[in-house]
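# A look at the structure
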Amino acid sequence: MKKTLALSVLLILSACTKKESFSPDDSGEAQIANRVSIFESKGSQQQWLLTAQAVDFADLTNATLKNPILLLKQNGQDSARISGDTGTFNYEKKRVTIEGNAQINAITEQTLITAPRFFYDIEPDRAWSDQKTIITRGSAKTIARGGIETDSKLTKIELKQQTTRLPQEVRELKTHL
């Protein structure tokens, strides 16, 4: 199957000289596009979809994202949603970084994962954090002080330096299984 990487720009403000607050470019030059979608497909199914309220394309290696949302898919269905305040997309490495109130909503697993930032490497289909990460499912909470590592399915999550707080009553745990 042939992979397709596409960039869809709905509204473009090309080569703007107005500086945006989220832009890392200190020279005053910015190339801003609003409501941007970047995605990859295999065959006729999307593998992932990255959207952002605004994107600064001034840097030749990274796009800077404002309010990014990375939607991961499995067998054509949404499996996880990674969101935050800012982010970057590295073109060459095909790596997304999302930070600032960063969270993963594991849709298929009904789990919320929060951390200061998350990374997603497209080619090996690997998501991870490198700082204190909190995993919440129902009333059970696990803290991975060293971060986590998983794939886009989020069915198996490797925890680094973990502690777990179980529900107060056993029946609470049973209702979420």
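Below is a short write-up of the structure. (Residues numbered from 1 in each chain as written. Predicted model: local features only at pLDDT ≥ 70, side-chain atom pairs only at ≥ 80, totals over all residues. Heavy atoms only, no water.)

## Focus: the overall build of the protein chain
Here is the rule we go by: Secondary structure elements are taken from DSSP: a helix is a run of H or I of four residues or more, a strand is a run of E of two residues or more, and numbering for both begins at the N terminus. Think of it in three bands: with a 1.4 Å probe and only protein chains considered, a residue is buried below 20% of the maximum accessible area for its type, exposed above 50%, and partly exposed in between.
The helix and strand tally for the protein chain stands at one helix and 13 strands. Secondary structure elements of the protein chain, listed N to C terminal, follow the sequence β-β-β-β-β-β-β-β-β-β-β-β-β-α. Taken across its 177 residues, the protein chain has 37% of its residues classed as buried.

## Here we look at the environment of Glu40
Here is the rule we go by: By the criterion applied in these results, polar contacts are pairs of N or O atoms within 3.5 Å in which, for protein atoms, one can donate a hydrogen and the other can accept it, and in which residues neighboring in sequence qualify only through two side-chain atoms.
Along the polypeptide, Glu40 turns up in strand 2 (residues 32-42). In this structure Glu40 comes out as buried when scored by relative accessible area, which is 4%. Polar side-chain contacts of Glu40 include one of 2.8 Å to the side chain of Trp48.

## Examining unusual backbone geometry
Look at Lys94: it is not a glycine, yet its phi comes out positive at around 50°. You will see that Gln161, though not glycine, has its phi angle at about 60°, which is positive. Structurally, the position occupied by Gln161 is in strand 13 (residues 158-165). Here Gln161 falls in the exposed class, since its relative accessible area comes to 52%.

That is the geometry; function is a separate question.
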